[in-house]
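Read off the chains here:
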Amino acid sequence: MPSPIVTRCAPSPTGYLHLGHAYAAGIAFLRAREAGGRFLLRIEDIDLTRCRPEFTDAIFDDMAWLGLTWEQPVRRQSEHFTDYRQAIETLQEQGLLYPCFCTRKQIAAEIAAAGQAPHGFEGAVYPGTCRHLDPAERVDRMAAGEAYALRLDMAAACSRIPGWPLHWHDETAGAQAVTPGLLLDGFGDVVLARKETPASYHLCVTHDDALQGVTLVTRGTDLLPATHLHRLLQALFDWPVPAYAHHRLLTDDSGERLAKRKNAPALRDLRAGGLSPANVWRMAGLNPARIVG
Ligand code: GLU
């Protein structure tokens, strides 16, 4: 018997949910519901500097108001730092991570001095300054309490993969092939952990989708490039590869993508203004009867 579809909605509690979140949650919910599968809600609150408990409470409240139901218990990433630390240690033991002591300012200066910044999916690609630091210097600086991030040595990580390209599939964009060139140019030596955020979004999301048996990842097209990196992590950890459906992003009247604190009214404001959940689903372009019917 084929295993049931498992989808998830994985918001970060850095603000109140808006229409774009309702759309994303609705898509994940419907895909599970219409296939007789399971729908999970996961709170991605690893960034302790930006996430706030009242936003987590508001997520539960807004999603319940919309008529969504999800499995319990809800995984809150901030309660599972040991899991992510273990994953980080696994990569460390394989010599795939190195400490980077550069500040953002130093990185910007180095890039400016080099004359041109290779532009990756997430901005300028790290020039690799700390990749070849002397091991003794690393130890000294860490022992002296200097702040550092842990970066993935992308070239070394790629050399561990027995066969290229890696493949994944997006329902809309089709078959995707990941090559070392794409990863080196698109991401370079990405940060997988830093002092204030002991594990990065990329690591935690990929870890948890594997751990929770998610079979279909639905999320916005803005995250399609990130999936190439997630595919590498899946290969390094031997995690299963889910199917992906990157969906359109809702925009405002001028075509600009809806964003927290910018142009997107919070769901709770729409609700306070007298709109019903059905009104909100319609505004998001989803048929309310499919959700609550
Ligand atoms: N926490 C991420 C966000 O809110 C989730 C992205 C994903 O679904 O992978 O953007």
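So, here is what we can say about the structure in this document. (Residues numbered from 1 in each chain as written. Predicted model: local features only at pLDDT ≥ 70, side-chain atom pairs only at ≥ 80, totals over all residues. Heavy atoms only, no water.)

**Describing the packing of helix α8 (residues 201-211) against helix α9 (residues 224-237)**
For any two helices packed against each other, the geometry is given by the interaxial angle and the distance between the axes.
So, point 1. Between α8 and α9, the shortest axis-to-axis distance is 10 Å and the interhelical angle comes to 60°. Taken together, the axes of α8 and α9 are oblique relative to one another. Relative to α9, the crossing made by α8 is right-handed. Here α8 contributes Y201, H202, L203, V205 and T206 to the contact with α9, which in turn contributes A226, L229, H230, L233, Q234 and F237.
So, point 2. Of the residues that constitute the contact of α8 with α9, the class distribution is 7 nonpolar, 4 polar and no charged. (Axes fitted to C-alpha atoms, helices over the stretch in contact; angles between N-to-C directions. Helix = DSSP H or I, 4+ residues; strand = E, 2+ residues; numbered from the N terminus. Parallel < 35°, antiparallel > 145°, perpendicular 65-115°, else oblique. Left-handed = near helix turned anticlockwise from the far one by under 90°. Contact = heavy atoms within 4.5 Å. Nonpolar A, V, L, I, M, F, W, Y, C, P; charged D, E, K, R; others polar.)

**A closer look at the pairing of strand β4 (residues 97-100)**
So, point 1. Along β4, one buried face is formed by L97 and P99 and the opposite face, lined by Y98 and C100, is buried too.
So, point 2. Across 4 bridges, the pairing between β4 and strand β7 (residues 149-152) is antiparallel. The partner of L97 across the bridge, within β7, is L152. (Buried < 20%, exposed > 50% of the residue type's maximum accessible area, 1.4 Å probe, protein only. Pairing = 2+ DSSP bridges.)

**Observations concerning the pairing of strand β11 (residues 216-220)**
So, point 1. When you tally the buried positions in β11, you get 5 out of 5 residues, the bulk of the element.
So, point 2. Taken together, the 5 bridges between β11 and strand β12 (residues 243-247) define a ladder with parallel strand orientation. Within β12, the residue paired with V217 across the bridge is Y244.

**Some details on the side chain of R138**
So, point 1. Looking at the secondary structure, you find R138 in helix α5 (residues 135-143).
So, point 2. Buried charge without a partner: R138 forms no salt bridge, and the closest opposite charge is D153, 7.1 Å away.
So, point 3. With residues near it in sequence (within four places) discarded, R138 still touches Y98, P99, F101, C130, R131, H132 and L133. (Lys, Arg positive; Asp, Glu negative; His and termini not counted. Salt bridge = Lys/Arg side-chain N within 4 Å of Asp/Glu carboxyl O.)

**Let's talk about unusual backbone geometry**
So, point 1. The omega angle of the peptide bond from Q72 to P73 is -5°, so this bond is cis rather than trans.
So, point 2. Looking at the element boundaries, P73 is found in the loop between α2 (53-65) and β3 (75-76).
So, point 3. Between W164 and P165 the backbone carries a cis peptide bond, its omega angle lying at -5°.
So, point 4. In this structure, P165 sits in the loop between α6 (154-159) and β8 (166-170).
So, point 5. At D238, a residue that is not glycine, the phi angle is positive and equals roughly 60°.
So, point 6. Mapped onto the elements, D238 comes out in the loop between α9 and β12.
So, point 7. By relative accessible area, D238 is classed as exposed at 70%.

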